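Chain residues, written in single-letter form:
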Amino acid sequence: MSDAPSQSAPSAERLRISFSPCPNDTFVFHALAHGLVPGAPALDVDFADIDITNGMAERGEGDVLKISYAELPWVLSDYALLPCGGALGRGCGPLVLTREPGDAAALAGATVAVPSERSTAYLLFRLWAADQVPGGVGEVKVLPFDEIMPAVRDGLVDAGLVIHEARFTYQNYGLHKLADMGEHWEATTGLPIPLGAIIARRSLGTERLHALSEAIRTSVRMAWDDPAASREYVMAHAQEMDPAVADQHIGLYVNEFTADLGEDGYAAVRGLLTRAAQEGLVPQLPADAFEL
């Protein structure tokens, strides 16, 4: 689904940007997508969930994309990580849910539904399970994220790894939080949780990558300065989400790391992907992984 064309000043080349319809992304990119950032490049906006944009990045489709940090090691040859616009945070990690209260030992040999194997949620889950589940989990079953809680409720799987607004709604399914992957990550590293990254095609060149980064940073600041301006846009794409849940979503995932990764943000990304590489879950990061 494409949004209305940007009204930015004409440029030599329009850029195709793809991000999710989730409230945090539409909040962050509202000003940029609507041509409200002075001097920003003209954009063609597509909405796609992160599993779709991960695949787009692997195929080299699109100029600017929101992807999972778990996907980053596979695409760094063609795309650069931008220092803003993404999602990191504290207290916002994925949850493991079960039908009955329990502890990590209950997952030994269990079937666990996950939203993707190319997701930060999955990496955090695997790192947690390596530390906490004796003998490891059993089968991992990939399901669309909106099907995971019903599958756990209906006994189709033993547990589910959930993301997004499921943090706020799982009690409606009669489910129990077995563990918070973010709590484990923060307790063992002291770092924020890297969730979604903004990447841009390296072929745009260093100057344009820096200019694009500044335009995104300005869009974030404009959203903070006037939250009401993006309200209609956010709710139009929020998939019938309750407005209060949309506000919680924005409050949780749009923070200082969205404006600038900073030292802690980069340390979190490198820490997650280095540990995941040691477990054989992702390729090793090159030393210059984060250079524009």
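Before reading on, note that the structure itself is shown above.
Residues numbered from 1 in each chain as written. Predicted model: local features only at pLDDT ≥ 70, side-chain atom pairs only at ≥ 80, totals over all residues. Heavy atoms only, no water.

## What about the packing of aromatic side chains?
To keep it simple, the criterion reads: Only Phe, Tyr and Trp rings are paired, with Trp represented by its six-membered ring, and only when their centres lie within 6.5 Å; those with planes under 30 degrees apart are stacked, over 60 edge-to-face, the remainder tilted. Secondary structure elements follow DSSP: runs of H or I of four or more residues count as helices, runs of E of two or more count as strands, with numbering from the N terminus. With a 1.4 Å probe rolled over the protein chains alone, any residue whose accessible area is under 20% of its type maximum counts as buried; one over 50% counts as exposed, and the rest are partly exposed. Two limits define a charge over a ring: the Lys NZ or Arg CZ must be within 6 Å of the ring centre, and within 35 degrees of the ring normal.
All told, the structure shown has 5 aromatic pairs when counted by the stated rule. Look at Tyr266 and Phe290: their rings are 5.4 Å apart centre to centre, the planes differ by 35 degrees, and that puts the pair in the tilted class. Within this pair, whereas Tyr266 is found in helix 12 (residues 262–278), its partner Phe290 is found in the segment after helix 12, the two being separated by 24 residues in sequence. Residue Tyr266 is classed as partly exposed on the basis of its relative accessible area, which comes to 24%. Ring pairing ties together the aromatic residues Phe19, Phe29, Phe47 and Tyr233, which thus form one cluster. For Arg118, the ring lying beneath its charged end belongs to Trp74, and the centroid distance is 3.5 Å.

## Details of empty space enclosed by the protein
To keep it simple, the criterion reads: Cavities and pockets are found on a 1 Å grid laid over the protein atoms alone: a cavity is a set of points where a 1.4 Å probe fits but cannot escape, a pocket is an open set with protein on both sides within 12 Å along at least five of seven lines, and a lining residue has an atom within 4 Å of such a point. Grid points are joined across faces, edges and corners, and a volume is the space filled by probe spheres set on the points.
Under the criterion given, the structure shown has 1 cavity of 30 Å³ or more. Sorting elements by how many residues they give to the lining of the largest cavity places helix 7 (residues 181–189) first, with 4 residues.

## So, helix 2 (residues 50–59)
We count it as follows: Working rule for contacts: check all heavy atoms of both residues, and any pair within 4.5 Å makes them a contact.
Buried within helix 2 we find Thr53, Asn54, Gly55, Met56 and Ala57. Tucked inside the fold, the buried residues of helix 2 contact strand 1 (15–19), strand 3 (64–68), helix 3 (72–75), strand 4 (79–81) and strand 11 (193–201). Trailing helix 2 by a residue or two, Gly60 shows a phi angle of about 75 degrees, which is positive.

## Remarks on the sheet that holds strand 10 (residues 176–180)
The cut-off we apply is this: Strands are labelled as partners when DSSP assigns at least two bridges between them. Inter-axis angles, ranging from 0 to 180 degrees, are taken between N-to-C directions of lines fitted to C-alpha atoms, where helices are fitted over the stretch in contact.
Strand order in the open sheet formed by 5 strands is 8-7-9-6-10, with mixed pairing between adjacent strands. The outermost strands of the open sheet, each flanked by one partner alone, are strand 8 (140–142) and strand 10. Pairs of neighbouring strands in the sheet enclose a mean axial angle of 30 degrees, with direction left out of account. Running at roughly 25 degrees to strand 10, helix 7 makes contact with strand 6 (95–98), strand 9 (159–162) and strand 10 of the sheet.

## Thoughts on the layout of surface pockets
In plain terms, the rule: Any residue that is not Ala, Val, Leu, Ile, Met, Phe, Trp, Tyr, Cys, Pro, Asp, Glu, Lys or Arg is counted as polar, Gly included; the first ten are nonpolar and the last four charged.
Taken as a whole, the largest pocket encloses approximately 560 Å³ of empty space. Lining the largest pocket are 30 residues, with Ile50, Ser119, Phe145, Ile163 and His164 sitting closest to its centre. Listing elements by their share of the lining of the largest pocket, those giving two or more residues are helix 1 (23–33), helix 2, strand 3, helix 4 (120–132), helix 5 (145–153), strand 11 and helix 10 (243–253). For the lining of the largest pocket, the element with the most residues is helix 2, which contributes 3 residues. Of the residues contributing to the lining of the largest pocket, the split by class is 13 nonpolar, 11 polar and 6 charged. Estimates place the volume of the second largest pocket at around 300 Å³.

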